[in-house]
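# Fold and geometry: a report
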Amino acid sequence: MSERKVRFAVVGCGGISSSHFIGIERAPEAELAAVCDVNAMRAEEYGAKYGVKAYSDYGKLLAAPDIDVVCLCTPSGMHADQTIQAAEAGKHIVCEKPMAIQLHDAERMVEACETLGVKLATIFPRRMSPASRFVKQLLDDGRLGRLSLCSGYVKFYRDQAYYDSAGWRGTWAMDGGGAMMNQGIHTIDLLQWLAGPVESLHGYAANVLRSIEVEDTAVVSLQFKSGALGSIEATTTAYKQPDHRIVLHGDKGTIVLTGDEITTLYVIGEKIEIPAFEPFSVVPDGHAAQIRDMAQAVLHDRQPVITGRDGKHSLEIILGTYESQRSHREILFG
């Protein structure tokens, strides 16, 4: 007898939802059961496209007994309340980044899910790439030695039309931030995952060029608990000069991740061959890996590979940068 399939609902049928639909379709342990969008016509369109039930009322979706997991692809400012509602309805949650736009909301989400016994996964697909996981293993094995300088660079281009394309973009209430919170969060998460937790930071975040509430450019100085130092540069004003990099230096060598490829790997006294990894595209391959992982976590009653608690770390760095900008002081973490 075949193992039962975990039934997913996608909530919010905007751009990023396509990665969730693909992920559910690819996972042999999962199936799509429903879609939901506040725009009833859009919900019906996607329901018809995938041959599933369509809802425009989130509460009615959560009341459906044939749904195990909801994928939240809604604006960031809605994630906290929607996660808690889902937990109260006994549904597991896959939450798009950022999981929340305030740290206390992220804590509320984690506590609610733990108290109510449901699983919460946060989407950080760059952690799922074979190259990132290979680098993580090298670091965990001490192959780079004691880390000294660990930095992340995320330089994209988003013109004013991008921000004007949806009313929630570039707002504190719904986007929660700009170049760091929306575009930079994946690199920030990967940097802290690889280099270890951050002990303190001093940051600057400013709206330099765009007509938006939030920052289009930020620079951050970091001190890691290991004693290593580092920096983050994030912007959405880098016209035709994208830079998506993590650079790690230690007393035994250097590693550079450019995008999701290892472009530099030098270790003193040894030659490490970079494996021929399977082709990997963060969107949608990373999402697909996390969605399948959630299906397996439900079936085997374990935690997902990237939990709600994991999702808080990058948020602490981003919100700490905003606080540092406002207060003109160093931010310390416990």
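Before any of the text, the structure's been laid out above.
Residues numbered from 1 in each chain as written. Predicted model: local features only at pLDDT ≥ 70, side-chain atom pairs only at ≥ 80, totals over all residues. Heavy atoms only, no water.

### Observations concerning the pairing of strand β11 (residues 243-250)
Quick note on the threshold: Between any two strands, at least two bridges found by DSSP are needed for them to pair. Comment: elements are numbered from the N terminus, with helices defined as DSSP H or I runs of at least four residues and strands as E runs of at least two.
Relative to β11, strand β7 (residues 147-155) runs antiparallel, the two being bridged by eight bridges. In the strand pairing of β11, V154 is matched with H244. Hairpin connection from β11 to strand β12 (residues 253-258): two residues lie between these consecutive antiparallel strands.

### Regarding the sheet that holds strand β6 (residues 120-122)
We apply this condition: Here an angle of 0 to 180 degrees is reported between the N-to-C directions of two axes, which are lines fitted to C-alpha atoms, with helices fitted over the stretch in contact. By the convention used here, residues are in contact when the closest approach between their heavy atoms is within 4.5 Å.
The sheet built from six strands is open, its strands ordered β3-β2-β1-β4-β5-β6 with parallel pairing. The open sheet has two edge strands with one neighbour each: β3 (53-55) and β6. The sheet shows a mean angle of 25° between the axes of neighbouring strands, taken without regard to direction. Relative to strand β4 (residues 69-72), strand β1 (residues 6-11) runs parallel, the two being bridged by four bridges. When the bridges of β4 are listed, F8 appears paired with V69. Across the sheet, helix α9 (residues 282-300) touches β1, β2 (30-36), β4, β5 (92-95) and β6, and the angle it forms with β1 is around 135°.

### Description of the packing of helix α8 (residues 179-195) against helix α10 (residues 308-327)
So the rule is basically this: Throughout, the term roughly parallel applies to angles under 35 degrees, roughly antiparallel to angles over 145, roughly perpendicular to angles from 65 to 115, and oblique to all others. By definition, turning the near helix anticlockwise from the far helix through less than a right angle yields a left-handed crossing, and turning it clockwise yields a right-handed one. Three classes are used, and their members are as follows: Ala, Val, Leu, Ile, Met, Phe, Trp, Tyr, Cys and Pro are nonpolar, Asp, Glu, Lys and Arg are charged, and the others, Gly among them, are polar.
Taken N-terminus to C-terminus, the directions of α8 and α10 make an angle of 120°; their axes are 9 Å apart at the nearest point. Classed by the angle they form, the pair α8 and α10 counts as oblique. At the point where α8 passes α10, the crossing takes the right-handed sense. Of α10, the residues touching α8 (which contributes M180, M181, I185, I188, D189 and Q192) are D310, H313, S314, L315, I317, I318, L319, T321 and Y322. For the contact of α8 with α10, the residue count by class is nine nonpolar, four polar and two charged.

### A short note on the side chain of S324
Selection rule: Each residue is placed in one exposure class: buried if its accessible area under a 1.4 Å probe, protein chains only, is under 20% of its type's maximum, exposed if it is over 50%, and partly exposed if it falls in between.
Note on placement: S324 falls in helix α10. On the accessibility criterion, S324 (1% relative accessible area) is buried. Apart from residues no more than four positions distant in its own chain, S324 is found in contact with L201, H202, G203, R329 and I331.

### Overview of α10
Rules: To estimate how far a helix should reach, multiply one less than its number of residues by 1.5 Å. Here the bend at a residue means the angle between the axes of two seven-residue stretches, the one that ends at it and the one that starts at it.
For α10, with 20 residues, the first-to-last C-alpha span of 28 Å sits near the 28 Å given by 1.5 Å per residue. For α10, the principal kink sits at S314 and spans about 25°. Note on α10: the residue one or two positions beyond its end, H328, has a positive phi of about 55°.

### Concerning the nonpolar core
Inclusion rule: Nonpolar core, defined: a set of buried Ala, Val, Leu, Ile, Met, Phe, Trp, Tyr and Cys residues in which side-chain atoms within 4.5 Å join the residues together.
Ranked by internal contacts, the top residues of the largest apolar core, which has 73 residues, are L61, V70, I93 and L248. With ten residues, α8 is the largest single contributor of residues to this core. Ignoring any residue separated from it by four or fewer positions in sequence, one finds L61 in contact with A9, V11, A34, C36, Y55, I67 and V70. Core analysis: the next-biggest nonpolar cluster, separate from the first, contains 22 residues, F8, C71, I291 and V298 among them.

### A look at the packing of aromatic side chains
Our working rule: Pairing of aromatic side chains here covers Phe, Tyr and the six-membered ring of Trp, requires ring centres within 6.5 Å, and sorts the geometry by plane angle: under 30 degrees stacked, over 60 edge-to-face, intermediate tilted. Geometrically, a lysine NZ or arginine CZ counts as sitting over a ring once it is within 6 Å of the ring centre and also within 35 degrees of the ring normal.
As enumerated under the stated definition, the model contains seven aromatic pairs in all. On the basis of an interplanar angle of 20° and a centroid distance of 4.3 Å, the ring pair of F21 and Y50 is categorised as stacked. A residue pair is termed long-range when its members are at least 10 positions apart, and F21 in helix α1 (residues 17-26) and Y50 in helix α2 (residues 40-50) qualify at 29 residues. The exposure class assigned to Y50 is partly exposed, which follows from its relative accessible area of 30%. Every member of this aromatic cluster is reached through a ring pair, and the members are F21, Y46 and Y50. Across from the ring centre of Y162, 5.3 Å away, lies the NZ or CZ of R158, which sits over that ring. Lying over the aromatic face of Y153, R245 brings its terminal NZ or CZ to 4.4 Å of the ring centre.

### Re the environment of H20
Which entries qualify depends on this criterion: By the criterion applied in these results, polar contacts are pairs of N or O atoms within 3.5 Å in which, for protein atoms, one can donate a hydrogen and the other can accept it, and in which residues neighboring in sequence qualify only through two side-chain atoms.
Residue position: H20 is located in helix α1. Not counting residues within four places of it along the chain, the set of residues in contact with H20 comprises V10, C71, C73, V94, E96, I123, H287 and I291. Among the polar contacts made by the side chain of H20, one reaches the side chain of E96 at a distance of 2.9 Å.

### Focus: the environment of G253
When you line up the elements, G253 lands in strand β12. By relative accessible area, which is 11% here, G253 ends up buried. In this structure the C-alpha to C-alpha distance between G253 and E3, which are 250 residues apart in sequence, comes to 46 Å. Those residues within four positions of G253 in sequence are excluded, and the remaining contacts are L144, L248, Y266 and V267.

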